[in-house]
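Below, each chain spelled out in residue letters.
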Amino acid sequence: MKISTIVFTFLFFIQISFSQNNSNQKPPKKTWKILIRNDKSSEENFTLVGKTIAENDFQIEKKDKEFLSIQTSVKNLEKLNALYYFNFLMKDSLIILTGMSKINLSLNYGGVTSESSYDKIINKGMSGSIAKESFNEMWKFALLIPKSEYEFITD
């Protein structure tokens, strides 16, 4: 009787542990879109994202109240010569987060200047790479949205 009670209690605690908010979840490789699920309406999510952007050293570049989307202004990636920004699309019970990044570099060859272009932020590369560090920034921002669960879309 005691052993079955101990085993049942142990299994119960394991189940509770796994059913908690999955903010400790590690995004899989090749993730390019983070789905942030909560219990708020699309309008509440629009306001929540706007406030979170303002409270965390970001600026809003574009916002569209009709389509409930926000784009942050470009931000420097710490320690690397790179730029990035995030895009948010709000729906009922869902915030969709994607981003773009690029090397902050221009080449001048024979009087012609070529700028690098923005690429989709994807969870790839080695630690310290522009791809990996820009994704880490996107993931850190997603974790700022309170009382949420996360899903990941991969290529």
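Residue indices begin from 1 for each chain and proceed along its sequence in written order. The predicted origin of the model limits local features to residues at a pLDDT of at least 70 and limits the giving and counting of side-chain atom pairs to 80 or more, whereas totals for whole chains, interfaces and linings rest on all residues. Only hydrogens and water are set aside; all other atoms, that is, all heavy atoms of the structure, feed into the side-chain values.

**Student:** Just give me the short version of the pairing of strand β1 (residues 31-37), but keep the residues and values in it.
**Tutor:** Burial runs high along β1: 5 of the 7 residues are buried. DSSP calls a pair of strands paired once it identifies at least 2 bridges connecting them. The numbering of helices and of strands both runs from the N terminus, where a helix is a DSSP run of H or I of at least 4 residues and a strand a run of E of at least 2. With 6 bridges joining them, β1 and strand β10 (residues 149-154) adopt antiparallel strand pairing. When the bridges of β10 are listed, Ile 34 appears paired with Phe 152. The pairing of β1 with strand β6 (residues 94-103) spans 4 bridges and is antiparallel. Opposite Arg 37, over in β6, you have Leu 94 as the bridge partner. Only protein chains enter the area calculation, which uses a 1.4 Å probe; residues under 20% of their type maximum are buried, those over 50% are exposed, and those in between are partly exposed.

**Student:** So what's going on with helix α3 (residues 130-142)? Which residues, and what values?
**Tutor:** For the α-helix, the turn length of 3.6 residues means that residues three or four positions removed from each other point alike. Given the number of residues in a helix, its expected span is that number minus one, multiplied by 1.5 Å. With 13 residues, α3 should cover 18 Å at 1.5 Å per step; its first-to-last C-alpha distance of 18 Å lies within 8% of that length. Throughout, a residue-residue contact means that at least one pair of heavy atoms, one from each residue, lies within 4.5 Å. The inward-facing, buried residues of α3 abut β1, α2 (42-55), β5 (82-91), β6 and β10.

**Student:** Tell me about the packing of aromatic side chains, and please be specific about residues and values.
**Tutor:** Within 6.5 Å between ring centres, the rings of Phe, Tyr and Trp (the latter by its six-membered ring) count as paired, and their orientation is classed by plane angle as stacked under 30 degrees, edge-to-face over 60, tilted in between. According to the stated counting rule, one finds 10 aromatic pairs in the structure shown. Here the aromatic rings of Tyr 85 and Tyr 118 are separated by 5.2 Å at their centres, their planes lie at 70 degrees, and the arrangement is edge-to-face. Placement of the pair is Tyr 85 in strand β5 and Tyr 118 in the loop between β8 (112-115) and β9 (119-120), with a sequence separation of 33 residues. Taking 5.2 Å as the distance between ring centres and 80 degrees as the angle between the ring planes, the aromatic pair formed by Trp 139 and Tyr 150 counts as edge-to-face. Remark: Tyr 150 occurs in strand β10 and Trp 139 occurs in helix α3; sequence separation between them is 11 residues. Accessibility classification places Trp 139 together with Tyr 150 in one group, the buried group.

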